[in-house]
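If you want the building blocks of each chain, they are given just below.
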Amino acid sequence: MDQSEVVDRLREELDIPFFNGTIKEREYTEVEYQKIKADLIQYFDDYVRNVEN
């Protein structure tokens, strides 16, 4: 999948309709996509939720 497909899929799966992450313009495998998604979730847990609490 390409860059726009990755961003669109992240928006849909993570329910973040206005997500506008910057990733390199290239083809991504499913494994790479899952890593990007896991990293984004980890970032949210580490930095965003800690601010809320």
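Above this text sits the structure in question.
Our subject in this report is the structure included herewith. The structure displayed is predicted, hence computed values, not measured ones. (Residues numbered from 1 in each chain as written. Predicted model: local features only at pLDDT ≥ 70, side-chain atom pairs only at ≥ 80, totals over all residues. Heavy atoms only, no water.)

Turning to the overall build of the protein chain, a few remarks are in order. The helix and strand tally for the protein chain stands at 2 helices and 0 strands. Projected onto its principal axes, the C-alpha positions of the protein chain cover 35 × 20 × 15 Å. Out of the 53 residues in the protein chain, the part that is buried amounts to 17%. By element, 53% of the accessible surface of the protein chain is carried by carbon and sulfur atoms, the whole surface being about 4300 Å². (Helix = DSSP H or I, 4+ residues; strand = E, 2+ residues; numbered from the N terminus. Buried < 20%, exposed > 50% of the residue type's maximum accessible area, 1.4 Å probe, protein only. Areas by Shrake-Rupley, 256 points an atom, 1.4 Å probe, with all protein chains shown as cover.)

Before going further, it helps to spend a moment on unusual backbone geometry. The phi dihedral of aspartate 15 is positive, around 55 degrees, even though this residue is not glycine. Inspection of the secondary structure assignment puts aspartate 15 in the loop between helix H1 (3-13) and helix H2 (30-52). A relative accessible area of 65% places aspartate 15 in the exposed class.

This part takes up the pattern of salt bridges. This model, assessed by the stated rule, comprises 6 salt bridges. A salt bridge links aspartate 8 to arginine 11, with the shortest nitrogen-to-oxygen separation between them at 3.1 Å. Of this pair, aspartate 8 and arginine 11 both sit in helix H1, 3 residues apart, roughly one helical turn. For aspartate 8, a relative accessible area of 43% gives the class partly exposed. Taken together, the salt bridges that share partners define one network made up of Arg9, Glu13, Glu30 and Lys37. (Salt bridge = Lys/Arg side-chain N within 4 Å of Asp/Glu carboxyl O.)

A few words now on the nonpolar core. Judged by nonpolar contacts, Val6, Val7, Leu10, Phe19, Ile23, Tyr28, Tyr33 and Ile36 together constitute the single largest core of 8 residues. Elements supplying a minimum of two residues to this core: H1 and H2. In terms of residues, this core owes the most to one element, H1, which gives 3 residues. Those residues in contact with valine 6 that sit more than four places away from it in its chain are Met1, Ile23, Tyr28, Tyr33 and Ile36. (Core = buried A, V, L, I, M, F, W, Y, C linked by side-chain atoms within 4.5 Å. Contact = heavy atoms within 4.5 Å.)

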